[in-house]
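Architecture and fold: a report
Residue strings, one per chain:
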Amino acid sequence: MLRHSAGGTSVREIAVVLGIARSTVQDNLDRAKPAGLNWPLPGELTDDAR
């Protein structure tokens, strides 16, 4: 989702590609921004932290 968004893909297109609701994409992108998550993810971010 973050990769698609960083590449300029619209929320609607991301939802179609991932097979999820547009609102889910928007909600997740809205949460990622204040958390400082963007693409590419920081190297120090481990699976446990995600």
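For clarity, every value in this text was computed on a predicted model and none was experimentally measured.

Now for the overall build of the chain. A count of helical and extended segments in the chain gives three helices and zero strands. The order of helices and strands in the chain, counted from the N terminus, is α-α-α. For the chain, the spread of C-alpha atoms along the three principal axes comes to 30 × 20 × 20 Å. Within the chain, buried positions represent 14% of all 50 residues. When the accessible surface of the chain is summed, it comes to about 3900 Å², and 49% of that surface belongs to carbon and sulfur atoms.

Before going further, it helps to spend a moment on the layout of surface pockets. Of the voids in this model, the largest pocket is the one considered here, and its volume is about 170 Å³. Considering the residues around the largest pocket, the lining is formed by Leu2, Ser5, Ala6, Leu29, Asp30, Ala32, Lys33, Leu37, Asn38 and Trp39. A class-by-class count of the residues in the lining of the largest pocket yields six nonpolar, two polar and two charged.

A word on unusual backbone geometry. It is generally the case that most residues other than glycine have a negative phi and that most peptide bonds are trans. Cis geometry is found at the peptide bond from tryptophan 39 to proline 40, where omega equals 0°. Within the fold, proline 40 resides in the segment after α3 (22-32).

Scoring rules and cut-offs
Residues numbered from 1 in each chain as written. Predicted model: local features only at pLDDT ≥ 70, side-chain atom pairs only at ≥ 80, totals over all residues. Heavy atoms only, no water. Helix = DSSP H or I, 4+ residues; strand = E, 2+ residues; numbered from the N terminus. Buried < 20%, exposed > 50% of the residue type's maximum accessible area, 1.4 Å probe, protein only. Areas by Shrake-Rupley, 256 points an atom, 1.4 Å probe, with all protein chains shown as cover. 1 Å grid on protein atoms, 1.4 Å probe; cavity = no way out; pocket = protein on both sides within 12 Å on 5 of 7 lines; lining within 4 Å. Points joined across faces, edges and corners; volume = space filled by probe spheres on them. Nonpolar A, V, L, I, M, F, W, Y, C, P; charged D, E, K, R; others polar.

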